[in-house]
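Examination of the molecular architecture
Below, each chain spelled out in residue letters.
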Amino acid sequence: SSASACGRGRLGCAGRFLGRRGGRVMSAGVNSKRPRDGEDDAAQRAATEGKADDEQKRAKQLCFIAKKSVGGVATTTEVRLASDAVVADLAARLADHEGCQAAQITLVCRGKVLSQPTAPLQTVADEEVGAAKVTIVYIVRKPAGAAAASAGVPAPLAAAATPAAAAVSGTSASSSA
């Protein structure tokens, strides 16, 4: 038998001593060390705090549904930003999505143009009472060179037609007559 003659303990596989606790012989498959008071509680608190931190981060984020309509086709994009984000941050995120510059993006919320780039988005979200996601409509303007080209005028001629370009060249629109 694997138990010693005096009953002090028991040998397990490969002659390993398993020990004796409270009059019962411990088996090799059971963890012989029980947690100290508070150890289980600390592990559970750490796991719970980790989940709570993730939920707080999500709760602190602002969620926007950005809509764009071009040629009768509407596209929708979900954008999540930190609660301290500003209008310029949302414009930059949408510009990255569209592959253009942030200056070409115009944002509209509830009929108002969001023209102040430093305005906090939290105030916009606060106006949408009870909404988990704030709907924003955005417009992508064409770059200045593309706008002139789409009008049928070559870009160098379109630049020369502006009053600033005429003043640089030394001529004015009234002196050409």
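None of the values given here were measured: they were computed from a predicted structure.

The subject of this paragraph is the nonpolar core. Counting residues in each nonpolar core, the largest one holds 21 residues, and the members touching the most others are Phe-64, Leu-90, Leu-107, Leu-121 and Ile-136. Among the elements that make up this core, the one with the highest residue count is helix α2 (residues 87-98) (5 residues). Those residues within four positions of Leu-121 in sequence are excluded, and the remaining contacts are Leu-62, Phe-64, Leu-81, Ala-85, Val-86, Val-87 and Leu-90.

Counted by the stated rule, this structure contains 5 salt bridges. Across the salt bridge formed by Glu-98 and Lys-68, the nearest N and O atoms sit 2.8 Å from each other. On the criterion of sequence distance, the pair formed by Glu-98 in helix α2 and Lys-68 in strand β3 (residues 62-70) is long-range, its members being 30 residues apart. Since its relative accessible area comes to 25%, Glu-98 is described here as partly exposed. Taking relative accessible area as the criterion, Lys-68 reaches 16% and is therefore assigned buried. Here Lys-133 makes a salt bridge to Glu-78, at a shortest N to O gap of 3.1 Å. Note that Lys-133 is positioned in the loop between α3 (121-127) and β7 (134-140) and Glu-78 in strand β4 (residues 73-81), a separation of 55 residues in sequence. Three or more residues are tied together by salt bridges with common partners; here these are Glu-78, Arg-80 and Lys-133.

Across the sheet, which stays open at both edges, the 5 strands sit in the order β4-β3-β7-β5-β6 with mixed pairing between neighbours. What marks the edges here is a single partner per strand, and that holds for β4 and β6 (112-113). Direction of pairing for strand β5 (residues 105-109) relative to β7: antiparallel, over a ladder of 4 bridges. The residue bridging Val-108 from the neighbouring strand is Val-137, located in β7.

The subject of this paragraph is the side chain of Lys-68. Here Glu-98 takes part through its side chain, which lies 2.8 Å from a polar atom of the side chain of Lys-68. In contact with Lys-68, not counting residues within four places along its chain, are Val-73, Ala-74, Thr-75, Glu-98, Tyr-138 and Val-140.

On to α2, then. With 12 residues, α2 should reach 16 Å at 1.5 Å per residue; the first-to-last C-alpha distance of 16 Å fits that figure. Of the residues making up α2, those classed as buried are Val-87, Leu-90, Ala-91, Leu-94 and Ala-95. When α2 is viewed along its axis, its buried side chains cluster within an angular range of 135° and face the same direction. Its buried side turned inward, α2 meets β3, β4, β5, α3 and β7. Remark: Gly-99 follows α2 within two positions and exhibits a positive phi of approximately 75°.

Turning next to the pairing of β4. In this structure, β3 lies alongside β4, joined through 9 bridges in antiparallel fashion. Within β4, the residue paired with Ile-65 across the bridge is Glu-78.

Examined against the element boundaries, Ala-102 turns out to sit in the loop between α2 and β5. Through-space distance from the C-alpha of Ala-102 to that of Val-140 is 9.1 Å; in sequence the pair is 38 residues apart. Sequence-distant contacts of Ala-102, defined by excluding residues within four places in its chain, comprise Ala-91, Ala-92 and Ala-95.

Conventions used here
- Residues numbered from 1 in each chain as written.
- Predicted model: local features only at pLDDT ≥ 70, side-chain atom pairs only at ≥ 80, totals over all residues.
- Heavy atoms only, no water.
- Core = buried A, V, L, I, M, F, W, Y, C linked by side-chain atoms within 4.5 Å.
- Buried < 20%, exposed > 50% of the residue type's maximum accessible area, 1.4 Å probe, protein only.
- Helix = DSSP H or I, 4+ residues; strand = E, 2+ residues; numbered from the N terminus.
- Contact = heavy atoms within 4.5 Å.
- Salt bridge = Lys/Arg side-chain N within 4 Å of Asp/Glu carboxyl O.
- Pairing = 2+ DSSP bridges.
- Polar contact = N/O pair within 3.5 Å; in protein donor to acceptor, adjacent residues only side chain to side chain.
- Expected span 1.5 Å × (residues − 1).
- Arc of directions from axis to C-beta.

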